[in-house]
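# Coordinate inspection notes
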Amino acid sequence: MPIESKNDSIQPAPVAPPKPQTVPTDSLRPNPHNPRVLFDEEPLKTLEASIRKVGILVPLTVYRATGSAKYTILDGQRRWICAQRIGLKDVPINAVTEPSLAQNIVTMFQIHKLRKDWELMPTALKLGVLIDELEESRESALADLTGLDVAVVTRCKKLLSFEPEYQDRMLDPEPARRLTADLFIEMYPIVTDRSVRNAAWYSRKKIVDAFIHKYTGKKSGFKSVTDFRKIKSYLTIARKADRETEIVKKLHNLIENDEIMISDLEIEAARIHREAETLAKQLSKLGQDISSIDPDSFSAEEDLWVEIENFLILVRNKLAEAERRSVL
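In this report, we go over the structure that sits alongside the text.

## Focus on the overall build of the chain
Counting its secondary structure elements, the chain contains 14 helices and five strands. Out of the 328 residues belonging to the chain, those deemed buried represent 38%. With an accessible surface of roughly 19,300 Å², the chain has 52% of that area assigned to carbon and sulfur atoms.

Structure, rendered in structure tokens:
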């Protein structure tokens, strides 16, 4: 008989009872486990205007928590917020059985998975609760449970690796002050890079603070979050060229000095090494193409043979310039 895993028993709470009812608006409360905690003002105003015109057409899904006199909202918090704003005395609800903590979070994810994406940091926090509750950290398993893409789960786990002070800055209720999750996700490969972590000067907080300062202030040539990919690329290329010490020193200078530009990280020897690798692959492919030529079939293609002869002369000349013994 197959062994049932802990996750097999985690099913979303039922969300489709047969008959809706109407209850006082103040008899509801927000769900403390809602992964969506940020509600920007403009979308709320749009929903509020709609409710003023036609009312709440879709009942809120709620449950009565043990020991609570109020219903807890599973689905419909934005409708409830708008109902409070415009003074609706009653709201329509569908009441369901109280879910377990894991069921609650899984239900919240699955209810909203086809709607406008939440901010990623609140999603990450609730995913973290689910990880702890189920003792499950496999990304594929978490994706199956929540309905999130595996890539989204991976991004969330990266955000959870940042300290609470940075998570709080991603949760700022004011969009103009809020730091984006993408900023930290793009920064993650640098602060976790093995060459950087092994540096004597390494301080995760110092690096993160410096990058936030540079990104938000457009210092050192930062224009977008994807500029962090350039830094990671310079690190990787320098490591392949055995110039690890040099690139780490350059990165330290960048972190310490706003006058140092991202482009200053490039090491000429590493750039040449990268271009040589690319050219070697291209030459290998060209060699395969030439090798596959059937001389009999292409005997009349004079232009082709002229270009091969010219290429042969060019190769011989380059080998001579490099003082390489020609084998041609």
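## Describing the pattern of salt bridges
For the coordinates displayed, the defined rule picks out 18 salt bridges. One salt bridge in this structure joins Arg-85 and Glu-48, with 3.5 Å as the shortest N-O distance. Of this pair, Arg-85 sits in helix H2 (residues 77-86) while Glu-48 sits in helix H1 (residues 41-54), and the two are 37 residues apart along the sequence. Looking at Arg-85, the relative accessible area reads 38%, which means it is partly exposed. Between Asp-227 and Lys-230 there is a salt bridge; the shortest N-O distance is 3.2 Å. With Asp-227 and Lys-230 both in helix H11 (residues 227-240) and three residues apart, the pair spans about one turn of that helix. Residue classification places Asp-227 among the buried positions, given a relative accessible area of 4%. For Lys-230, a relative accessible area of 44% gives the class partly exposed. Taken together, the salt bridges that share partners define one network made up of Glu-48, Arg-52 and Arg-85.

What counts and what doesn't
Residues numbered from 1 in each chain as written. Predicted model: local features only at pLDDT ≥ 70, side-chain atom pairs only at ≥ 80, totals over all residues. Heavy atoms only, no water. Helix = DSSP H or I, 4+ residues; strand = E, 2+ residues; numbered from the N terminus. Buried < 20%, exposed > 50% of the residue type's maximum accessible area, 1.4 Å probe, protein only. Areas by Shrake-Rupley, 256 points an atom, 1.4 Å probe, with all protein chains shown as cover. Salt bridge = Lys/Arg side-chain N within 4 Å of Asp/Glu carboxyl O.

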